[in-house]
Amino acid sequence: MSKTNGKIRIGFYICHCGTNIAGTVDVQKVVDYASTLPNVVVSKHYKYMCSDPGQEMIQKDIKEQELNRVVVAACSPFLHERTFRNATSQAGLNQFYFQMVNTREQNAWVHLDPEASTDKAMDLVRSAISRVVFHKPLEQKTVPIKPDVLVVGGGIAGIHASLTLANAGKKVYLVERVPTIGGHMAMFDKTFPTLDCAACILTPKMSAVKNHPNITMWTYSEVEKVEGYVGNFKVKVKRKPRYIIDDLCVGCLDCIEACVYKEPRFHDEFNQGLSKRKPVYMPFPQATPQLVVIDPETCIWFKTGKCKQTCVESCERKAVDLNQQATYKEIEVGTIIVATGFKPFDASKVYYYGYGTYPNVYTALEVERLINASGPTSGEVIMRDGSTPKSIAIVHCVGSRDKNTNLWCSRVCCLYSLKLAHLLKEHTHADIYNFYIDIRTPGKLMDEFYTRMAEEGVKFIRGRVADIYPDTSDEEHRRLVVKAEDTLIREIIKVPVDMVVLSTGLVPRDDANDVRRLFNITCSTEGFFIERHPKLAPVNTFTDGIFLAGCCQGPKDIPDTVAQAGAAAAEALALIDLGYIELEPNTAFIVEEECSGCKSCVPLCPYSAISYNEEKKKANINEALCKGCGTCVASCPSGSIKQNLFEDEEIYSEIDGILNYNIYEEAVCC
Amino acid sequence: MLLAKETGQTDSKQWQPKIVAFFCNWCTYTAADLAGVSRIKHAPNIRVIRVMCSGRVDPQFILDAFAKGADGVLIGGCHPGDCH
């Protein structure tokens, strides 16, 4: 005969998580306590509940003890709720007869007092045990996934993710804000530790993106609006006017030649302002697509309404269109990869390093352009004052590992500083001094690279630079003195140099917060987007179907960026190839017998999922549109709307569970 | 500690408030998880009930919690305009 006999039989399990939980929470006490609670027939603890033996223990008990409810106290439900639901369902029990108690993230990891922590665990365990009684068997619904993918950002991360997906036969929309793809990598000269040229490895991929039949590349465009959810996103993209007709322009550059500005005189973004451009320009020679762009901020026609429009006249193909307007594209995609990149730290914020004051103080990215063969000086290291440096100081950790600016290590600066040391030495034969706090060169072949640089005669001084000022003994006042404490010999040293290179860190882009809102993802206080789990879900976000790649998630080098982009593409592919997604059955429904037809819920629904059935005089919830927020449930005056998984009884029983145990029982009774 | 006297507690075990929290699934519950991952220590008085959205918090939940002995009720939702 069945043991259940219509009765609730709860199995309770608490996980030690090694010592993560058991180190703070007295698991034996919780188990002993849980066994005294109503309906609990099994109460156990185990080292790792999520492991195979842990899951098997639950399944065995479900079968042998005829459990019909399962409660596990372990980590956050965001991490292992799915694991335990699966284990429950594999033992033949509906997976929604399971409830999880967050005993790690929201308990053991944040409290110091074991007694208080154990009390809290017992309260929450009691709460879950009283709640799970009201659980109902539910079925998950599935919805199909749209196979197209949106990739936001055309740096190396976006490029690699797009190509991986396109090669797998998926249709990709690649949206890039600036007029060309390529991102920061296109600006670099060579890449560490192999010293292969960045352009040689990047430009073929840029061209592959442009020519790939499965990739729709929209440069000079921005995502304006994102609606929907995993599998079914509706995205609106703004294509900014380039004032050039894409299909007609062949990139002959005649219009640039013909511009009324005979000489270029505006800040060239690609060369970090080390050269000038005209209002009509090609971002850089290998720009992809090979289309010129007219900048309305500097073009005299847009500023004054008066110009001979020589650019328009010069174009034989009539590709210049000064009346062009922004256009909007609406697309439907199933998954989105956010690869919006980083911004170099603004070196002028560390005012005592004199960036922007002393012309021969450069940022690392400026030096990348300066030593690049297609850069403003064709690869010759000619400084702003026209001279070539004989001695160079490279200052590490500018805007990194500094409580006055940013606390984080930007991870790539040590290595790119070593690379720049090598390249500057190669170009100028100058004496090079690296001022560092610590040299951090983890990764394959990286430390070997450091050793090589040291052998090449690059000098290393351990000490954060305190000040940079003009050398008064130098008659022309060109030289700069770099002052630091050499912490290895415990002496203040002053090194006169011709050039200073500031190894600026990587920081989030200024609009990271807007992007975060647009895609409904989260970012840390610094502004880097947060992955779903730092180890086990490094490219997922908390929003299903949206993935991260590259430096928008945190500073990283090119190999790691490419690996992450590949991972993001694989995660998107996994969803697409499955073809459907299972929805959490937490939707709301109307109990028609009780609905008075007052319509108060109708305007409250943020998703317009509620309509009014005139015939029945009742409200009606469209299950496909309902996102399960429960706002209508809370507002219904007659209590005739219910939400699966969050029914009133379930929440009231949680409140009861938490409160009917007095944690100071002893104190109260005496 | 007036309340401690009222509940007959001695000074050695000071009165501690019991706070029932309703956290939304998206911003606040994940923020509490993030506090855990970052090991940001905080007082152990809070007992979190997860709801999908702070919109689900029926005013009766709050009254019920107070009626059953909660000393405080905390409702955590997303930043206005960040609706999930």
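Scroll up a little and you will see the structure.
What you see is a predicted model, and the numbers here were worked out from it, not measured in a lab. (Residues numbered from 1 in each chain as written. Chains lettered and ligands numbered in written order. Predicted model: local features only at pLDDT ≥ 70, side-chain atom pairs only at ≥ 80, totals over all residues. Heavy atoms only, no water.)

1. A short note on the overall build of chain B
Helix and strand content of chain B: three helices and three strands. Mapped from its N terminus to its C terminus, chain B presents α and β elements in the order α-β-α-β-α-β. In chain B, the share of contacts with a sequence separation of at least 24, taken over all contacts with a separation of at least 6, comes to 73%. Summing over all exposed atoms, chain B offers an accessible surface of approximately 4,200 Å²; the carbon and sulfur share of this is 62%. (Helix = DSSP H or I, 4+ residues; strand = E, 2+ residues; numbered from the N terminus. Contact = heavy atoms within 4.5 Å. Areas by Shrake-Rupley, 256 points an atom, 1.4 Å probe, with all protein chains shown as cover.)

2. Some words on helix α2 (residues 28-37) of chain B
When you tally the buried positions in α2(B), you get seven out of ten residues, the bulk of the element. Those residues of α2(B) not exposed but buried are Thr28(B), Tyr29(B), Thr30(B), Ala32(B), Asp33(B), Ala35(B) and Gly36(B). Those residues of α2(B) that are buried are in contact with α3 (77-90), β4 (98-102) and α4 (104-108) of chain A together with β1 (19-24), β2 (46-51) and β3 (72-76) of chain B. Just beyond α2(B), the residue with positive phi is Arg39(B), at close to 55°. (Buried < 20%, exposed > 50% of the residue type's maximum accessible area, 1.4 Å probe, protein only.)

3. Some points on the sheet that holds strand β18 (residues 335-338) of chain A
Residue and element names in this part refer to chain A. Read across the open sheet, the five strands follow the order β10-β7-β6-β18-β29; overall the sheet is parallel. If you trace the sheet from one side to the other, it starts and ends with β10 (215-218) and β29 (546-548), each paired once. When strand polarity is set aside, the average angle formed by the axes of neighbouring strands in this sheet is 20°. Here β18 runs beside β29; their pairing, made up of three bridges, is parallel. Across the sheet, the residue bridging to Ile336 is Ile546, located in β29. In this fold helix α15 (residues 558-578) packs onto β6 (149-152), β18 and β29, with an angle of close to 165° to the strand it touches most, β29. (Pairing = 2+ DSSP bridges. Axes fitted to C-alpha atoms, helices over the stretch in contact; angles between N-to-C directions.)

4. Comments concerning the packing of helix α5 (residues 114-132) of chain A against helix α17 (residues 648-659) of chain A
All names here are of chain A. As a packed pair, α5 and α17 sit with axes 7 Å apart at the nearest point and diverge in direction by 145°. For the pair α5 and α17, the crossing hand works out as right-handed. Taken together, the residues of α17 that come into contact with α5 (itself represented by Asp123, Leu124, Arg126, Ser127, Ser130 and Arg131) are Glu650, Ser653, Glu654, Gly657, Ile658 and Leu659. Of the residues assigned to the contact of α5 with α17, the class counts are three nonpolar, four polar and five charged. (Left-handed = near helix turned anticlockwise from the far one by under 90°. Nonpolar A, V, L, I, M, F, W, Y, C, P; charged D, E, K, R; others polar.)

5. Observations regarding the packing of helix α1 (residues 27-35) of chain A against α5(A)
All names here are of chain A. α5 packs onto α1 with a crossing angle of 35° between their chain directions and a minimal axis gap of 10 Å. Where α1 crosses over α5, the handedness of that crossing is right-handed. Counted together, Lys29, Val30, Tyr33 and Ala34 of α1 and Thr118, Asp119, Ala121, Met122, Val125, Arg126 and Ile129 of α5 form the full contact between these two elements. When its residues are assigned to classes, the contact of α1 with α5 shows seven nonpolar, one polar and three charged.

6. What to know about the environment of Tyr33(A)
Residues and elements named next belong to chain A. Relative to the elements of secondary structure, Tyr33 occurs in helix α1. Relative accessible area serves as the criterion here: at 18%, Tyr33 is assigned to the buried category. A C-alpha to C-alpha distance of 7.4 Å links Tyr33 and Met122, two positions 89 residues apart in sequence. Engagement of the side chain of Tyr33 in a polar contact is seen with the side chain of Arg126, the distance being 2.9 Å. (Polar contact = N/O pair within 3.5 Å; in protein donor to acceptor, adjacent residues only side chain to side chain.)

7. Regarding the interface of chain A and chain B
The partner chain B presents 47 residues to the 48 residues of chain A that form the contact. Glu81(A) is the partner of Arg50(B) in a salt bridge, and the nearest nitrogen-oxygen pair spans 3.5 Å. The tally of links between chain A and chain B comes to 16 residue pairs in polar contact (both at pLDDT 80 or more). Mapped by element, the contributors of at least two residues to the side of chain A that touches chain B are α3, α4, α5, α14 (512-519), α16 (631-635), α17 and α18 (665-669) of chain A. In terms of residues, the side of chain A that touches chain B owes the most to one element, α17(A), which gives eight residues. Of the residues in the side of chain A that touches chain B, the class split is 24 nonpolar, twelve polar and twelve charged. (Salt bridge = Lys/Arg side-chain N within 4 Å of Asp/Glu carboxyl O.)

8. Looking at the environment of Arg85(A)
Residue and element names in this part refer to chain A. Note that Arg85 resides in helix α3. For the pair formed by Arg85 and Gly18, sequence separation is 67 residues and the distance between their alpha carbons is 22 Å. Apart from the residues lying within four places of it in its own chain, the contact partners of Arg85 are Gln95, Phe96, Phe98, Glu584 and Leu645.

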